[in-house]
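# Summary of structural features
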Amino acid sequence: MINRRTLLGATAILATIATGAFAQVDKVKVGFVYVGPVGDGGWTYYHDVARKAVEEHFGDKVETVFQESVPEGADSERVMTQMALSGANLIFTTSFGYMDPTINVAAKFPNVKFEHATGYKTAENVGVYSARFYEGRAIQGHIAGRMTKTNKIGYIASFPIPEVIRGINSAYAHAKKANPEVEFNVIWAYTWFDPAKEADAAKALIEQGNDVILQHTDSTAPQAAAKAAGNVITFGQAADMAEYAPLPRVSSIIDDWAPYYIARTQAVIDGTWKSDNTWDGIAKGMVVIGEISDAVPADVKEEALALKASIVDGSYHPFTGPMKKQDGSDWLADGEVADDGTLAGMNFFIEGLTGEIPN
Amino acid sequence: MRLEKRPEPSRAWMVATPVLAVILTMIAGGVMFALLGKDPFVAIRTIFWDPLFNEQFAAYSRPQLLVKAAPLILIAIGLSLGFRAGVWNIGAEGQYIIGAICGAAVGLAFYPADLFIVFPLMVLAGALGGFLWAMIPGLLRVRFGTNEILVSLLLVYVAEQLVASMALGPLRNPEGGGFPGSRNLQQYSAASNGELIAGTGMHWGVVAAFISVIFAYILLNRHLTGFHIRLAGQSPRAARFGGVNPGRLVLFCMGVSGALAGLAGMFEVSGPAGQIGIDFNVGYGFTAIIVAFLGRLHPVGILLAGLLMALTYIGGELAQFMLGLPSASIQAFQGMLLFFLLAVDMLTNFRVRIGRGAKI
Amino acid sequence: MNLSAIDPVLLIASLMVAATPIILAAIGELVVEKSGVLNLGVEGMMITGAICGFGVAVESGSPVLGFALAAIGGAVLAMLFGLLTQVLLSNQVATGLALTLFGLGISALIGQSYRGISPPATTRLDMGPLSDLPVIGRILFSHDWMVYFALALVAVVWAFLKFTRGGLILRAVGENHEAAHALGYKVVRIRLMAIAFGGACAGLGGAYISLVRVPQWTDGMTAGAGWIALAIVVFASWRAGRVLLGAYLFGGITVLQLNLQAAGVPVPVEVLSMSPYLITIAVLVLMTSGRRGNSAPAMLGRLFHASS
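All of these numbers come straight from a predicted model, not from anything done at the bench.

### A word on the overall build of chain C
Across its full length, chain C carries 12 helices and 0 strands. Moving toward the C terminus, one meets the helices and strands of chain C in the order α-α-α-α-α-α-α-α-α-α-α-α. Its C-alpha radius of gyration of 20 Å places chain C within 12% of the 19 Å reference for a compact globule of 308 residues. Relative to all contacts within chain C whose residues are 6 or more apart in sequence, the contacts with residues 24 or more apart total 78%. About 11000 Å² of surface is accessible on chain C, with carbon and sulfur atoms providing 68% of the total.

Now the structure itself:
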């Protein structure tokens, strides 16, 4: 391996001399493992946008490779190993289910750095990163609570995992604050991405009088269903979904991984990369609030932006007490802020939400 | 041009057709890769050559061929028995899932006891789970005449829902911070199906796949049941006169294929995959149907077909990230390979005559 | 829990939309199977139709043209199956599965430049005052034209199989190809026509998903609808009218379970998600039990080679 790389390096030097350019010799290879197709328009698509940003930012200094639609489990372990064998210096594994395979492969390649998205297991050469989407959910919840006329808000959830539950809680808490009459109806779609099922779920919610649809699934199908129904507002999920603005899409939560990917790649180039546990939100630009469209009344938009500003400057945390759990037991005392540990493993609804979390 | 049936399948063509098909696929696939703006020769070499002989990868990829092929072969062997007898189990994917759930559940029930008996019990549970899941369409067909293609297929969707709720519910790792997925069985030595010899890819599932090939070969060639299976497939009426109990044959074929699929799932979850996740299944049960036919329902053929299929998977992965080929093109490439294999198969059983031969 | 939130009128109206792609694909496959051919590649033909229809509709701005090209795309892919199984005599089950694999791959390749685009809207058929009728108006007279096209197609296929000479020949080929051949019918040619028709219908069904029901293009967006269509054919015991019943039953339960969830009915989600499949199996068993024999076309999946 090492011999081969130095050999390649030597050829590169020769090539550089031959062309007379002064490019950096040590080219860094960055690999990306995606769970969906790059054309999913949501989760994987935005990871790939960030990959392209890395390429653009570093130009010739960095080469990126990626593989899409990699199933979690044995296949992902093989893909990562092959990437490492091919000489990748840094590998981003962008789905929760890649956690154990990432740890396994990282143990075999101590010189390769790994970054695992949304997981919690780290190692000397494995860092984890995730985004505080719930910050965006708080703003969504506020707009939703202020704009609903039927006081019924529909929520298309994917799987009952902490990230999704956190989103529901955050949106509900802020919708409730803006409008005490509000009620949430949750459909668990048991899929991240199934346009037909998401469309059906959105239609079912709309037909039952929900005039705001929030989604934690990745396709734009619910947007289209809302547009067809009229008088329903939605929010882009994972992607801006701007093609549905100004109505039904009134705003969005966008995952912007580019700054992080660029920073981590730079760290590898500089030799300063260290394993860490990153959980960034709006302030660091990992979560971006898409433009709030003109369909939102000016005062609501102003409140939403003020809420965003308070989250950015750290003066407000979306999970600030007093808050109770669904069963009425105390969770956060007045003014108390939820700790990251509880948030990371959140598996309960807050008070006021109806329905049970499937398990 | 017209076709004339050979009195006997041609042995020469039986060997030559797969080679011909691979060559045709390379040509057609090469055209596709060229259209996508990639060097076709490099692409073909990456898919077929690099996993086996590239010094950078081969030491790792070659054993992986066995890992990827084992579940395909194990399931395909079981299915081939039924397909020969006209019993259409299309739902091996579901039986694979249930086998994995049952196997993992038994293993996790003993956690963290370090007992020798755990793994054998898991094997039994996996086989039994797949067997019982396959018995649903089997018994419904025998008892009510319900079409087994449909029932076994619909049960795949049920099994998929079940594995998701298992990963989120009863089998969820209590120390997993509320995330979906079971404990990793690779880290529980009594339940782990690790490599038997380091660096070879050999795990118990691979061993089981080889045993199943031998078992099927003996069954079909040396055993009365094998004779009944072939007879029922060729002529159901003759089989009935020949004393074959059609109901029992259906149950036998469904049961064996279900048990083998269940075993494949169990070996996968305790070995390469390690844990039950939301999307545990990756389509082995469906791909195995293709493998069964590519191998012409013959045990040795299935062995080779499984390895070839595994090669296109692993080589396809290499081609994707080395050359930036979209995964869709690899899928289309595999589709082409199958088409060509099926198309040239005709040469084994028929003679091509050019021009109008005399009518007999 | 708030069951009153479920409006049965809207429920029925949306199940008609949800069932339409399955109806289209299933009625095509029914004709194929009636001719004695089992094409398991419905999913592959649907997804190909979905992208062909989507691409053409986006480029031309005309959904009608999109649907037309979707039918052609599906039929072209089906002819690949026809060539292999009818001329080169390959195994139908394996070829059908290969067709699905190939269709999923090729559609994703074609679709790379169509991601994230909205297609032109398929027009709602204007039925004037009929649409304003209470209950009936919403259920029956407020859909896009493809819903009615699918229903008409079922009626046409039913009448074709039952009353016409062509239908009789088709069934004869499916029941006994040797005899049909002996009577001078071109078995292979008839089957190829049936396969092309099946492909066209599957293509339409796929395009309905990408142009109306979702509407957008994403890889693998048919998400198993082709398999459901296959199941519905068996479920319908190869009768056109029952295809409608089966598709509405399946579509209905799919829509209903989401409605029940949204209304907060305390039934475990996983049970609700499984219910469309489990209920389909249960109904199937009820329908087949007690009846003697098998209503499948006798030659289904068998190879035909004219030796003389």
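### Points about the nonpolar core
Formed by 298 residues in total, the largest nonpolar core has its most connected members in Ile143(A), Ile168(A), Phe184(A), Trp188(A) and Trp331(A). With 14 residues, the single largest contributor to this core is helix 14 (residues 327-349) of chain B. Of the domains in this structure, domain 1 (2-131) and domain 2 (133-255 + 287-344) of chain A are the two that each give at least three residues to this core. In this view, Trp188(A) contacts Ala157(A), Ser158(A), Phe159(A), Pro160(A), Val164(A), Ile165(A), Ile168(A), Phe349(A), Glu356(A), Pro358(A), Gln261(C) and Val269(C); residues no more than four positions away in its chain are not counted. Ala84(A), Ile91(A), Val126(A) and Phe57(B) belong to the second largest nonpolar core, which has 21 residues in total.

### Details of the domain arrangement of chain A
All names here are of chain A. For chain A, the assigned domains are domain 1 (2-131) and domain 2 (133-255 + 287-344). The centre of domain 1, based on its C-alpha atoms, is set 33 Å off from the matching centre of domain 2. Facing the 7 residues of domain 1 at the interface are 10 residues of domain 2. In total, about 770 Å² of surface goes out of reach between domain 1 and domain 2, with carbon and sulfur atoms giving 62% of it. Three residues stand out in domain 1 for area buried against domain 2, namely Trp-43, Tyr-46 and Ala-131, and they jointly supply 66% of the buried area on that side. At the boundary of domain 1 and domain 2, one finds 0 salt bridges. The interface formed by domain 1 and domain 2 holds 1 residue pair in polar contact (both at pLDDT 80 or more) in total. In terms of residue class, the side of domain 1 that touches domain 2 is built from 3 nonpolar, 3 polar and 1 charged.

### Notes on the interface of chain B and chain C
On the side of chain C, 42 residues touch chain B, which itself brings 40 residues to the contact. Together chain B and chain C conceal approximately 3700 Å² of surface at their shared face, both sides included; 84% is due to carbon and sulfur atoms. In terms of surface lost to chain C, no three residues of chain B exceed Leu154(B), Tyr157(B) and Phe339(B), which account for 18% of the buried area on that side. Elements with a contribution of two residues or more to the side of chain B that touches chain C: strand 1 (2-5), helix 6 (118-144), helix 7 (148-168), helix 12 (284-294) and helix 14 of chain B.

### A few points about unusual backbone geometry
In terms of backbone geometry, most residues other than glycine have negative phi values and most peptide bonds are trans. Across the junction of Leu247(A) and Pro248(A), the peptide omega takes the value 0°, indicating a cis bond. Turning to its location among the elements, Pro248(A) is positioned in the loop between strand 9 (233-238) and strand 10 (249-255). Following Tyr111(B), the chain continues into Pro112(B) via a peptide bond in cis, with omega recorded as 0°. Positive phi is not limited to glycine here, since Tyr190(A) has a value of about 55°.

### A short note on the packing of aromatic side chains
Residue and element names in this part refer to chain A. Applying the stated criterion to the full structure yields 41 aromatic pairs over all chains. The interplanar angle of 85° and the centroid separation of 5.7 Å between the aromatic rings of Tyr-129 and Tyr-261 together place this pair among those described as edge-to-face. Taken as a pair, Tyr-129 in strand 5 (residues 126-131) and Tyr-261 in helix 9 (residues 258-270) lie far apart in primary sequence, 132 residues in all. Residue Tyr-261 is classed as buried on the basis of its relative accessible area of 0%. Here the aromatic residues Phe-32, Tyr-34, Trp-43, Phe-66, Phe-92, Tyr-129, Phe-133, Trp-257, Tyr-260 and Tyr-261 are joined through ring pairs into a cluster of three or more. Positioned over the ring face of Phe-348 is Lys-325, at 4.4 Å from the centre of the ring.

### Notes on the side chain of Thr93(A)
With respect to the secondary-structure elements, Thr93(A) resides in strand 3 (residues 90-93). Look past the residues within four positions of Thr93(A) in its chain and what remains in contact with it is Val33(A), Met80(A), Tyr98(A), Thr102(A), Glu115(A), His116(A), Ala117(A) and Tyr129(A).

### Notes on the interface of chain C and chain A
Taken residue by residue, the interface counts 29 residues in chain C and 31 residues in chain A. In total, about 2400 Å² of surface goes out of reach between chain C and chain A, with carbon and sulfur atoms giving 51% of it. When residues of chain C are sorted by the area they lose upon contact with chain A, Arg213(C), Leu258(C) and Ala262(C) head the list and together hold 23% of the total. If you look at where chain C meets chain A, you find 1 salt bridge. The shortest N-O distance in the salt bridge between Asp200(A) and Arg213(C) comes to 2.4 Å. Our count for the contact surface shared by chain C and chain A stands at 6 residue pairs in polar contact (both at pLDDT 80 or more). Elements supplying a minimum of two residues to the side of chain C that touches chain A: helix 1 (8-34), helix 11 (240-262) and helix 12 (269-288) of chain C. Here the side of chain C that touches chain A gets 6 residues from one element, more than from any other, and that element is helix 11 of chain C. Classifying every residue of the side of chain C that touches chain A by side-chain character gives 14 nonpolar, 11 polar and 4 charged.

### Comments concerning the sheet that holds strand 3 of chain A
All names here are of chain A. The strand order across the open sheet formed by 6 strands is 2-1-3-4-5-11, and the pairing between neighbours is parallel. The sheet is open, and its two edges are formed by strand 2 (62-67) and strand 11 (277-280), each paired on a single side. Within this sheet the neighbouring strands show an average axis-to-axis angle of 20°, counted without direction. As paired elements, strand 3 and strand 4 (residues 113-117) share 4 bridges and run parallel to each other. Of the residues in strand 4, the one forming a bridge with Ile-91 is Phe-114.

### Considering a nonpolar patch on the surface
Residues and elements named next belong to chain B. Taken together, the side chains of Val-19, Ile-23, Ile-27, Val-31 and Leu-35 present a nonpolar region at the surface, about 500 Å² in accessible area. Within the secondary structure, Val-31 sits in helix 1 (residues 11-35). Assessed through its relative accessible area of 47%, Val-31 is described here as partly exposed.

### A few points about the environment of Leu36(B)
Along the chain, Leu36(B) falls in the loop between helix 1 and helix 2 (40-48). As a C-alpha pair, Leu36(B) and Leu325(B) span 289 residues in sequence and 8.1 Å in three-dimensional space. In this view, Leu36(B) contacts Leu325(B), Ser329(B) and Leu109(C); residues no more than four positions away in its chain are not counted.

### Some details on the packing of helix 7 (residues 165-175) of chain C against helix 9 (residues 187-213) of chain C
Residues and elements named next belong to chain C. Remark: helix 7 packs on helix 9, axes separated minimally by 10 Å, with the N-to-C direction vectors making an angle of 110°. The angle between helix 7 and helix 9 places the two elements in the roughly perpendicular class. Within the contact between the two elements, helix 7 uses Ile-169, Leu-170 and Val-173 and helix 9 uses Val-187, Ile-190, Arg-191 and Ala-194. Taken together, the residues that form the contact of helix 7 with helix 9 break down as 6 nonpolar, no polar and 1 charged.

### Focus on the pattern of salt bridges
Opposite charge on two side chains makes pairing possible when the charged atoms of those side chains draw close. One pass over the full model with this rule turns up 19 salt bridges over all chains. For the salt bridge of Arg45(B) with Asp50(B), the shortest nitrogen-to-oxygen distance reads 3.6 Å. For Arg45(B), a relative accessible area of 44% translates into the label partly exposed. On the accessibility criterion, Asp50(B) (5% relative accessible area) is buried. Each member of the salt-bridge network shares a partner with another, and the members are Asp75(A), Arg78(A), Lys68(B) and Glu317(B).

Rules behind the numbers
- Residues numbered from 1 in each chain as written.
- Chains lettered and ligands numbered in written order.
- Predicted model: local features only at pLDDT ≥ 70, side-chain atom pairs only at ≥ 80, totals over all residues.
- Heavy atoms only, no water.
- Helix = DSSP H or I, 4+ residues; strand = E, 2+ residues; numbered from the N terminus.
- Rg over C-alpha atoms; globule rule 2.2 N^0.38 Å.
- Contact = heavy atoms within 4.5 Å.
- Areas by Shrake-Rupley, 256 points an atom, 1.4 Å probe, with all protein chains shown as cover.
- Core = buried A, V, L, I, M, F, W, Y, C linked by side-chain atoms within 4.5 Å.
- Buried < 20%, exposed > 50% of the residue type's maximum accessible area, 1.4 Å probe, protein only.
- Domains from an automatic or database assignment.
- Buried area = accessible area lost by both parts, 1.4 Å probe.
- Salt bridge = Lys/Arg side-chain N within 4 Å of Asp/Glu carboxyl O.
- Polar contact = N/O pair within 3.5 Å; in protein donor to acceptor, adjacent residues only side chain to side chain.
- Nonpolar A, V, L, I, M, F, W, Y, C, P; charged D, E, K, R; others polar.
- Phe/Tyr/Trp six-rings, centres within 6.5 Å; stacked < 30°, edge-to-face > 60°.
- Lys NZ or Arg CZ within 6 Å of the ring centre and 35° of its normal.
- Pairing = 2+ DSSP bridges.
- Axes fitted to C-alpha atoms, helices over the stretch in contact; angles between N-to-C directions.
- Patch = residues over 30% accessible without salt bridge, like charges linked within 9 Å, V, L, I, M, F, W, Y side chains within 5 Å.
- Parallel < 35°, antiparallel > 145°, perpendicular 65-115°, else oblique.

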